[in-house]
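So you can see what is in the structure, the chains are spelled out below.
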Amino acid sequence: MTTHLLCHNDDLPENKTRSFSVESQQGKIDLFVVKIDNKVYGYKNLCPHLGIPLNWQPDEFLSIEETHIQCATHGALFTMETGDCIAGPCSGDKLSSLNIEQRDNEVWLQL
Ligand code: FES
């Protein structure tokens, strides 16, 4: 298992998302994290509908209401805590979640 430091906890505001690219043994992984109630969740930046990135703008993954993760291409909505798709063309599918650990005020990715 390898760990990668993503950012400091304070650099990730509540209800905001941030994207990262990490080099792993399997190649480059594009991912993003979202923080809700001081807990950080991480997902691969791939929409299950077409297997393309979810966002058009850097670090922008949420719906306008900031209640869900939203794919910018066809508008699929995903829950922030589980990545389940609850509306859109891939309804019933889910984002690929990643292991995120918060320790010592830092956010780490575990692969
Ligand atoms: S590519 Fe994401 S909803 Fe179609």
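Our subject in this report is the structure included herewith. (Residues numbered from 1 in each chain as written. Predicted model: local features only at pLDDT ≥ 70, side-chain atom pairs only at ≥ 80, totals over all residues.)

Right, let's get into the overall build of the chain. Counting its regular elements, the chain contains zero helices and nine strands. Counting from the amino terminus, helix and strand elements in the chain follow one another as β-β-β-β-β-β-β-β-β. Its C-alpha atoms give the chain a radius of gyration of 13 Å, near enough to 13 Å, the size a compact globule of 111 residues would have. Buried positions account for 24% of the 111 residues belonging to the chain. In the chain, the share of contacts with a sequence separation of at least 24, taken over all contacts with a separation of at least 6, comes to 44%. (Helix = DSSP H or I, 4+ residues; strand = E, 2+ residues; numbered from the N terminus. Rg over C-alpha atoms; globule rule 2.2 N^0.38 Å. Buried ≥ 20, exposed ≤ 12 C-beta atoms within 10 Å, placed from the backbone. Contact = placed C-beta atoms within 7 Å.)

Among the nonpolar cores identified, the biggest contains 19 residues, and F32, V33, V34 and I69 are the most heavily contacted of them. Residue assignment for this core shows that the elements contributing at least two residues are β3 (27-36), β4 (39-44) and β9 (106-110). Once you skip the residues sitting within four places of it in the chain, I69 turns out to touch V34, L54, F61, L62, F78 and M80. (Core = buried A, V, L, I, M, F, W, Y, C linked by C-beta atoms within 7 Å.)

Spatial ordering of the open sheet is given by β5-β6-β7, a layout of three strands whose pairing is antiparallel. Strands at the two margins of the open sheet, each flanked by one partner only, are β5 (69-70) and β7 (85-87). (Pairing = 2+ DSSP bridges.)

Here we come to the sheet that holds strand β1 (residues 3-8). In space, the six strands of this open sheet follow the order β1-β9-β8-β4-β3-β2, with antiparallel pairing throughout. Since the sheet does not close on itself, it has two edges, and those belong to β1 and β2 (17-24), each with one partner. Each strand of the sheet is rotated relative to its neighbour by a mean of 30 degrees, with strand direction disregarded. (Axes fitted to C-alpha atoms, helices over the stretch in contact; angles between N-to-C directions.)

No statement about biological role is implied by the geometric values presented.
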